[in-house]
Amino acid sequence: MTRTRLTAEERHEQLVAAAVTAFARGGYAGTTTDQVARLAGVSQPYVIRLFGTKQALFLAAAEHATDRVEQRFRQAAAERADLESLGIAYDDLLAERDLITVLLHAFAAGADPALGPTVRACFGRIYRTVRELTGADQEEARGFLASGMLLTVLGVLQIIGPDAVPREPWMTELIGVHNEKKGWLGPAPA
């Protein structure tokens, strides 16, 4: 059987994908480079050779998740450049639970002086992208991101999205009317 060697770029992407999965499961503090290496099927020294530190690997995973959000928003805006379209696009991303979980871990780690500048820059990129693509003013963009953060938390908690847990009354109240086609939270049913 002939093995196909991955290019350096393909190996880098493979390790970042493994890092997204590992950090989504254990967060920054609870994940080791050895766990990422095992998920990727490579040695731990190889991970360190490519990324240098766990911190750099975590930031690569956070930037990858941000890139994915930005890419999906740009695709949606190419068809219709408004907040509703971007909301639908974010609903699609909720199915990528590791992606949204690693974003949440990154934001939670944002107080770390070594991680904070990059994590804040990632969040800022999402904000600027929303404004750029839709023409939303500051208040509209802030509301959109606030709803997005709520959706992210609800998705990570498995209250919405794939494999959602059975809903308790408080969950239904909190969700309100989540319009699957519009991708945003509306008022609670009367």
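Residues numbered from 1 in each chain as written. Predicted model: local features only at pLDDT ≥ 70, side-chain atom pairs only at ≥ 80, totals over all residues. Heavy atoms only, no water.

J.: Is there a simple way to explain the pattern of salt bridges in this structure?
T.: Scanning the model with the defined rule gives 9 salt bridges in all. Two residues, Arg68 and Glu96, come together in a salt bridge whose shortest N-O distance is 2.8 Å. Of this pair, Arg68 sits in helix α4 (residues 54-79) while Glu96 sits in the loop between α5 (83-94) and α6 (97-108), placing them 28 residues apart in sequence. A single salt-bridge network, built from bridges that share partners, covers Asp67, Glu70, Arg74, Arg125 and Glu132. (Salt bridge = Lys/Arg side-chain N within 4 Å of Asp/Glu carboxyl O. Helix = DSSP H or I, 4+ residues; strand = E, 2+ residues; numbered from the N terminus.)

J.: For this particular structure, what's the right way to read the confidence of the model for the protein chain?
T.: Low-confidence regions, as indicated by low pLDDT, have predicted coordinates that should not be scrutinised in detail. Here the protein chain averages 90 in pLDDT, and 91% of its residues register 70 or above. Between the elements of the protein chain, mean pLDDT differs from a low of 44, seen in strand β2 (residues 184-186), to a high of 98, seen in α4. In the predicted structure, residues 180-190 sits below a pLDDT of 50 and forms 29 contacts with residues beyond four places in sequence or in another chain. (pLDDT = per-residue confidence, 0-100. Contact = heavy atoms within 4.5 Å.)

J.: Which parts of the structure should I look at to understand the environment of Ala106?
T.: Take Ala106: it is sitting in helix α6. For Ala106, a relative accessible area of 2% corresponds to the buried category. C-alpha of Ala106 to C-alpha of Val20: the two residues are 86 residues apart in sequence and 11 Å apart in space. (Buried < 20%, exposed > 50% of the residue type's maximum accessible area, 1.4 Å probe, protein only.)

J.: Got a minute to help me understand helix α1 (residues 8-26) in this structure?
T.: In an α-helix, one turn spans 3.6 residues, which is why side chains three or four residues apart end up on the same side. Under the 1.5 Å per step criterion, the end-to-end length of α1 is 26 Å for 19 residues, consistent within 8% with the ideal 27 Å. Restricting attention to buried positions, one finds in α1 the residues Leu15, Val16, Ala18, Ala19, Val20, Thr21, Ala22, Phe23 and Ala24. Where α1 is buried, its residues touch α2 (33-40), α3 (44-51), α4 and α6. Gly27 lies just past α1 and shows a positive phi near 70°. (Expected span 1.5 Å × (residues − 1).)

J.: Got a minute to help me understand the nonpolar core in this structure?
T.: Counting residues in each nonpolar core, the largest one holds 50 residues, and the members touching the most others are Phe73 and Tyr90. The element best represented in this core is α4, accounting for 11 residues. Beyond its immediate stretch of four places on either side in the chain, Tyr90 contacts Val69, Phe73, Ile100, Gly148, Leu151 and Thr152. (Core = buried A, V, L, I, M, F, W, Y, C linked by side-chain atoms within 4.5 Å.)

J.: Help me understand unusual backbone geometry in this model?
T.: Backbone geometry follows two general trends: most residues other than glycine have a negative phi, and most peptide bonds adopt the trans configuration. Positioned with a positive phi, Gln158 is a non-glycine residue whose angle comes to about 60°. Relative to the helices and strands, Gln158 resides in the loop between α8 (138-156) and α9 (169-175). A relative accessible area of 28% places Gln158 in the partly exposed class. Even without being a glycine, Asp163 presents a positive backbone phi close to 60°. Tracing the backbone shows Asp163 in the loop between α8 and α9. Since its relative accessible area comes to 65%, Asp163 is described here as exposed.

J.: Even after reading the chapter, I still don't get the packing of α1 against α4, so can you show me in this structure?
T.: Any two packed helices are characterised by the angle at which their axes cross and by the distance between the axes. For the pair α1 and α4, interaxial distance at closest approach is 9 Å and the crossing angle is 95°. Compared by their axis directions, α1 and α4 come out roughly perpendicular. Side by side, α1 and α4 meet where Leu15, Val16, Ala19, Val20 and Phe23 of the first sit next to Lys54, Leu57, Phe58, Ala60, Ala61 and His64 of the second. In terms of residue class, the contact of α1 with α4 is built from 9 nonpolar, 1 polar and 1 charged. (Axes fitted to C-alpha atoms, helices over the stretch in contact; angles between N-to-C directions. Parallel < 35°, antiparallel > 145°, perpendicular 65-115°, else oblique. Nonpolar A, V, L, I, M, F, W, Y, C, P; charged D, E, K, R; others polar.)

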